[in-house]
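Below are the chains, spelled out letter by letter.
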Amino acid sequence: YLRAFVGFTSEDAAALHAAAPYVAPLVPTVLDAVYEKLLSFDITAKAFVPRQTGYDGVVPTKVEDLSQDHPMIKFRKHFLGGYLKKVVTMDYENDESWEYLDKVGVMHTGVAGFKHR
């Protein structure tokens, strides 16, 4: 239903795939800029203090512990980078791709059932 709801077409998929060679190499720069901004304000940085699901390393105890070089921030950036690259390369004809996108959306809405919420 998600594909129909957003009106996603094969032309949309082709546009994303055509953008991949230009977008994918920029992902590290984009991630650095996004996290630089998010970590520059206490109100947004504090969201990155609790342990990230799936991360087993050292957890920061306060906002001041956070930086672009903190292992947990690197973990998060790696995860987001993978997602961004996937968006421009995934097979949009495959139902599993849409199930993945739906799951990502549900994970970020705070819906009960996800242990990180």
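An account of the accompanying structure is given in this report.

Scoring rules and cut-offs
Residues numbered from 1 in each chain as written. Predicted model: local features only at pLDDT ≥ 70, side-chain atom pairs only at ≥ 80, totals over all residues. Heavy atoms only, no water. Axes fitted to C-alpha atoms, helices over the stretch in contact; angles between N-to-C directions. Helix = DSSP H or I, 4+ residues; strand = E, 2+ residues; numbered from the N terminus. Parallel < 35°, antiparallel > 145°, perpendicular 65-115°, else oblique. Left-handed = near helix turned anticlockwise from the far one by under 90°. Contact = heavy atoms within 4.5 Å. Nonpolar A, V, L, I, M, F, W, Y, C, P; charged D, E, K, R; others polar. Salt bridge = Lys/Arg side-chain N within 4 Å of Asp/Glu carboxyl O. Expected span 1.5 Å × (residues − 1). Buried < 20%, exposed > 50% of the residue type's maximum accessible area, 1.4 Å probe, protein only. Arc of directions from axis to C-beta. Phe/Tyr/Trp six-rings, centres within 6.5 Å; stacked < 30°, edge-to-face > 60°. Polar contact = N/O pair within 3.5 Å; in protein donor to acceptor, adjacent residues only side chain to side chain.

## A closer look at the packing of helix α3 (residues 27–39) against helix α5 (residues 71–87)
Consideration 1: Orientation of α3 relative to α5, taken along the N-to-C sense of each, is 130°, at an axis distance of 10 Å. One finds that α3 runs oblique with respect to α5. In this structure, the crossing between α3 and α5 has a hand that is right-handed. Only I73, R76, K77, L80, G81, L84 and K85 of α5 make contact with α3, whose side of the interface consists of V27, L31, D32, Y35 and L39.
Consideration 2: Split into classes, the residues belonging to the contact of α3 with α5 amount to seven nonpolar, one polar and four charged.

## As for the pattern of salt bridges
Consideration 1: With the rule as written, the count across this model stands at four salt bridges.
Consideration 2: For the salt bridge of R3 with D95, the shortest nitrogen-to-oxygen distance reads 3.3 Å. Within this pair, whereas R3 is found in helix α1 (residues 2–6), its partner D95 is found in helix α6 (residues 95–107), the two being separated by 92 residues in sequence.
Consideration 3: Look at the salt bridges and you will find they share partners, linking R3, E93 and D95 into a network.

## Some thoughts on α3
Consideration 1: Its 13 residues place the ends of α3 18 Å apart at the C-alpha level, agreeing with the 18 Å of an ideal helix rising 1.5 Å per residue.
Consideration 2: Taken together, the buried positions of α3 are occupied by V27, L31, Y35 and L39. Within α3, the buried residues cover an arc of 85° as seen down the axis, which keeps them to one side. Along α3, exposed side chains directed more than 90 degrees from the buried face belong to T29, E36 and K37.
Consideration 3: At its buried positions, α3 is contacted by α2 (10–23), α4 (42–45) and α5.

## Let's talk about the packing of aromatic side chains
Consideration 1: Enumeration according to the criterion identifies seven aromatic pairs in this entry.
Consideration 2: Where F8 meets Y92, the ring centres are 4.7 Å apart and the plane angle is 35°; that geometry is what we call tilted. Taken together, the positions of F8 in the loop between α1 and α2 and Y92 in the loop between α5 and α6 put the pair 84 residues apart, joining distant regions of the chain.
Consideration 3: Here F8 falls in the buried class, since its relative accessible area comes to 19%.

## A short note on the side chain of Q68
Consideration 1: Within the secondary structure, Q68 is located in the loop between α4 and α5.
Consideration 2: For Q68, a relative accessible area of 17% gives the class buried.
Consideration 3: Only 3.4 Å separates the side chain of Q68 from the side chain of E36, close enough to count as a polar contact.
Consideration 4: Of note is the side chain of Q68, whose polar atom sits 2.4 Å from the side chain of K77.

The values are spatial; any link to function lies outside them.
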